[in-house]
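# Residue-level structural notes
Next come the chains, spelled out residue by residue.
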Amino acid sequence: MTTGRIDDLLSPELLSGTAAFVTGGGSGINLAIAHGLASVGADLMICGRTRSRLDAAADELSAHGGRVLTAVADVRDAEALTVAITTAVERFGRLDSVIAGAAGNFFAPAETISPNGFRTVIDIDLLGSFNTARAAFEHLRNSRGSILFLSAGQAYLPFANQSHVGAAKAGIDNLMANLAFEWGRFGIRANSIVPGPIRGTEGMRRLAQPTGEEVWTDAVPLGRLGEAAEVAAMAVVLSSPLASYVTGARVVVDGGLGLSGLGAISRAVAGPVSGTPGDDRRTAAR
Ligand code: COA
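Reading the values: rules and limits
- Residues numbered from 1 in each chain as written.
- Predicted model: local features only at pLDDT ≥ 70, side-chain atom pairs only at ≥ 80, totals over all residues.
- Heavy atoms only, no water.
- Helix = DSSP H or I, 4+ residues; strand = E, 2+ residues; numbered from the N terminus.
- Rg over C-alpha atoms; globule rule 2.2 N^0.38 Å.
- Buried < 20%, exposed > 50% of the residue type's maximum accessible area, 1.4 Å probe, protein only.
- Contact = heavy atoms within 4.5 Å.
- Near = heavy atom within 4 Å.
- Polar contact = N/O pair within 3.5 Å; in protein donor to acceptor, adjacent residues only side chain to side chain.
- Areas by Shrake-Rupley, 256 points an atom, 1.4 Å probe, with all protein chains shown as cover.
- Nonpolar A, V, L, I, M, F, W, Y, C, P; charged D, E, K, R; others polar.
- Phe/Tyr/Trp six-rings, centres within 6.5 Å; stacked < 30°, edge-to-face > 60°.
- Lys NZ or Arg CZ within 6 Å of the ring centre and 35° of its normal.
- Core = buried A, V, L, I, M, F, W, Y, C linked by side-chain atoms within 4.5 Å.

## Considerations on the overall build of the protein
Each helix and strand counted, the protein has eleven helices and seven strands in total. Here the protein has a C-alpha radius of gyration of 19 Å; the compact-globule value for 286 residues is 19 Å, and the two agree. When the 286 residues of the protein are sorted by exposure, 49% land in the buried category. Of the contacts formed within the protein by residues at least 6 apart in sequence, a portion of 76% connects residues at least 24 apart.

As structure tokens, then:
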């Protein structure tokens, strides 16, 4: 058994009459999540930085039959996000599910990344997630809705050239837990998903570029890369009444990759990029 269509496996009415807001929803895993939500009846607003990408995504998403809105907004801009979310609520009359998925990433060794480069990823991933949650709070309180954050394995297992991303994603998981704790009294649930190596994503393209895909599939206990739809399926469940008693959870969707640690694969990725971690230490010890 591998993947299946979400609306074949779950009721296509699971989220009908509800509205969702997806940051970074114009591409990649976030777009797959938007498809998943729309396929079970949710109305959607997707936001992102690039108008053309959002328009193309909205065309695809409309095929599910629900209402689809777009907003050009950078998650670093709290005011722009507030305007986007307010518009969604005005148009849909409510907001039930938020996906805080927008992220920025690049490979850079900790010894050379500039403070501004480090801050840029913290700003997009962590501050952007907070901005999203903060702007959505009032509306989620009204609907007793849920917010789902996109974390990453780097949040709990160090990975070469990803210190900035690990710090940002660890912050997101901590923010998620605090919001679950603080906002539980308003009926708001907060969870995060940790996607593993997902086929066809920008992140995977970059990760596999120095090593080839086999290194990754060999390291995954299930023996294959994941599909974006498999992350989306979990996102739909966590955003739905099926998970009505689930909050504060970090749900790992990685085929088991994180179980054995990522040291070898991290070194394989690092080699051509910045030298193998440990090389300097070994040289110094000689
Ligand atoms: N290596 C090292 N530093 C980098 C970098 C890289 N590959 N890319 C950006 N930076 C640094 C810049 O040098 C700059 O710091 P400086 O002012 O000290 O030089 C800082 O980050 C901001 O760069 P800028 O290009 O102005 O940021 P931005 O806000 O326009 O875009 C990203 C930031 C992360 C979105 C951009 O790098 C990007 O487009 N990444 C690819 C898309 C992506 O991340 N997709 C998500 C995959 S999970």
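## Describing the site of the ligand
Around the ligand, 14 residues are found, and the nearest of them are Arg76, Asn105, Ser114, Asn116 and Arg206. Residue arginine 76 places a side-chain N or O atom 2.8 Å away from an oxygen atom belonging to the ligand. A distance of 2.7 Å separates an oxygen atom of the ligand from a polar atom in the backbone of asparagine 105. Here the ligand has 930 Å² of accessible area as a free molecule, and 52% of this is covered by the chains. Examining the composition of the shell around the ligand, we find that four residues originate from one element, helix α5 (residues 115–143), more than from any other. Of the residues in the shell around the ligand, the class split is five nonpolar, six polar and three charged.

## Some thoughts on the packing of aromatic side chains
Within the structure shown, the criterion is met by three aromatic pairs. Ring centres of phenylalanine 137 and tryptophan 183 lie 4.7 Å apart, and the angle between their planes is 45°; on these two criteria the pair is classed as tilted. Note that phenylalanine 137 is positioned in helix α5 and tryptophan 183 in helix α6 (residues 163–183), a separation of 46 residues in sequence. Accessibility expressed as a relative area gives 11% for phenylalanine 137, which makes it buried. A residue is classified by how much of its surface remains accessible, and tryptophan 183, at 10% relative accessible area, is buried. A connected cluster of aromatic rings, assembled from ring pairs, spans Phe137, Trp183 and Phe186. Against the face of phenylalanine 186 rests arginine 141, its NZ or CZ located 5.3 Å from the ring centre. The side chain of arginine 250 reaches across the aromatic face of tyrosine 156, ending 4.3 Å from its centre.

## Overview of the nonpolar core
Grouped together as the largest cluster of nonpolar side chains are 35 residues, with contacts concentrated most on Phe21, Met45, Leu95 and Phe149. Sorting the residues of this core by element identifies β1 (19–23), β2 (43–48), β3 (68–72), α4 (78–92), β4 (97–100), α5, β5 (146–150) and α6 as the ones contributing at least two each. Discounting chain neighbours no more than four positions away, the residues touching leucine 95 are Ala19, Ala20, Phe21, Ile85, Val89, Ala136, His139, Leu140 and Ser143. Within the second largest apolar cluster, 34 residues are counted, among which are Val22, Ile33, Val40 and Leu54.

Note that every value here comes from positions in space, so none of it alone points to a role or purpose.
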